[in-house]
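Below are the chains, spelled out letter by letter.
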Amino acid sequence: MLTSRYAELTTALRRAEEATYDSAWSMPSVYYSDPDLLARERAHLFGTEWICIGRTEEIPEPASYMAFQLCDEPLVAVRGDDAQIRVFSNVCRHRGALIAEGTGRHNRLVCPYHQWSYDLEGHLAAAPQMEAHTGFDPTSCRLPAFAVETWHGFLFVNLSENPPPLAPRLGGLDALIHNYHMEEMRLRYVANEVWETNWKCLIENFMEGYHLTPLHRSTLHPVNPTRLCSHFPAGDAYFGYNAGYSSDIERSTKGHPDLTEPEIDNCVMFAVPPGLVSGCGGDYSSFICVQPETIGRVRAKLGLIFYGDHWTEDDVAHAVQLFNDTMDEDKAVLTRLMQGMASRHHSAGPLAPAALEGPVLDFYRYYSRRMDENLT
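Just so you know, these numbers come straight off a predicted model, no measurement behind them. (Residues numbered from 1 in each chain as written. Predicted model: local features only at pLDDT ≥ 70, side-chain atom pairs only at ≥ 80, totals over all residues. Heavy atoms only, no water.)

Student: Explain the overall build of the chain here, please?
Tutor: A tally of regular secondary structure across the chain gives nine helices and 17 strands. Over its C-alpha trace the chain gives a radius of gyration of 22 Å, about what one expects of a compact globule, namely 21 Å for 376 residues. With the C-alpha coordinates aligned to their principal axes, the bounding extent of the chain is approximately 70 × 60 × 35 Å. Burial status across the chain gives 53% buried among its 376 residues. Of the contacts made within the chain by residues no fewer than 6 positions apart, 65% connect residues no fewer than 24 positions apart. Carbon and sulfur atoms make up 50% of the accessible area of the chain, which amounts to about 17,000 Å² in all. (Helix = DSSP H or I, 4+ residues; strand = E, 2+ residues; numbered from the N terminus. Rg over C-alpha atoms; globule rule 2.2 N^0.38 Å. Buried < 20%, exposed > 50% of the residue type's maximum accessible area, 1.4 Å probe, protein only. Contact = heavy atoms within 4.5 Å. Areas by Shrake-Rupley, 256 points an atom, 1.4 Å probe, with all protein chains shown as cover.)

Student: Honestly, unusual backbone geometry in this entry has me stumped. Any pointers?
Tutor: Peptide bonds are mostly trans, and most non-glycine residues show a negative phi. Cis geometry is adopted by the peptide bond preceding Pro274, which originates at Pro273 and carries an omega value of 10°. By the secondary structure assignment, Pro274 is in the loop between strand S14 (266-272) and strand S15 (276-280). In this structure, Ala63 is a non-glycine residue whose phi angle is positive, near 80°. Of note, Ala63 is situated in the loop between strand S1 (51-55) and strand S2 (64-70). Residue Cys71 is not a glycine yet carries a positive backbone phi of 55°. One can find Cys71 in the loop between S2 and strand S3 (73-79).

Student: What's the story with the state of the cysteines in this structure? I'm lost.
Tutor: By definition, a disulfide links the sulfur atoms of two cysteine residues through a covalent bond. The tally for this structure, following the rule as stated, stands at zero disulfides. Left unpaired, Cys52 is separated from the closest cysteine sulfur, that of Cys289, by 3.7 Å. For Cys52, a relative accessible area of 2% puts it in the buried group. Among the cysteines around Cys71, which has no disulfide bond, Cys289 carries the closest sulfur, lying 14 Å off. Among the residues examined, Cys71 registers a relative accessible area of 11% and is labelled buried. (Disulfide = S-S within 2.5 Å.)

These values are about where atoms sit, not about what they do.
Okay, structure coming up:
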């Protein structure tokens, strides 16, 4: 039987499925504040969907690795001698110690506790002084592996067994960003932060243009003003909007030769939920990988990728400064937003039209499709 709070949420989600972009309303407080709901999201969204963990170039060459955590699972991504990226459990098969830490390059993953080691395909390579054990077969010992997929230079992992491939679900989005060739862009900035907000608030904020002018008056408004935003149709596994570039400022328009003039003048703001949002521009693009820690705290991996080799250190530094200044403004308002949602006087409000907050409604619909059966 539904609790009264979840009944309210279920009703709101079903209303979102039926609403038009001119009649939609935001979600009730429980959507952002209930710890039990977060546990369900971690299990049924982050535990089953394709989650972006960064860029493939963070593991640039054979034997390079990157340790990370997805939900409560310690994982490690490794590039093998065949140049393929694989993701393994980062837990030693001996007594459970974590094997790798941070990033690095080594032809074996070596557990620091007892020096058990694993090759780049996850097989046990050495177990010191275990030859006398009568019940242990080292040839059958290997690290559990997880599904991996790369898409436009982004690296995705899925914790479920035999998940359906991601790329076919992103066909419509692929058509929108293909000419930008994000897979050829180079990672020049990455940072890991913790934001004191609900993970869904971060995604909603990144994916709507309504706030670009009022909140980012001196940062983003001169570049991507609210008046130049437009909505594009969502797919089953993506949604987003277009943020046009203002003609009032000088900026780099260098990008891939495949770009058309309208594409050069546009930034495709897209989400591959639940864990990736990105602003895809011709000259450079931004992204955030999102993972919830608690109901009011989210881990954010922020990055900038640049097209071409013409960028000077000053150019990159300017882009990084603009990005960080903008993110600081977002972070501050989202922290206060959580305080407002905790008020007993908070209630759902009307969403702005499709060009402004349409992706927020698209996110609600995605969430409803994935979580409806898990709210009972």
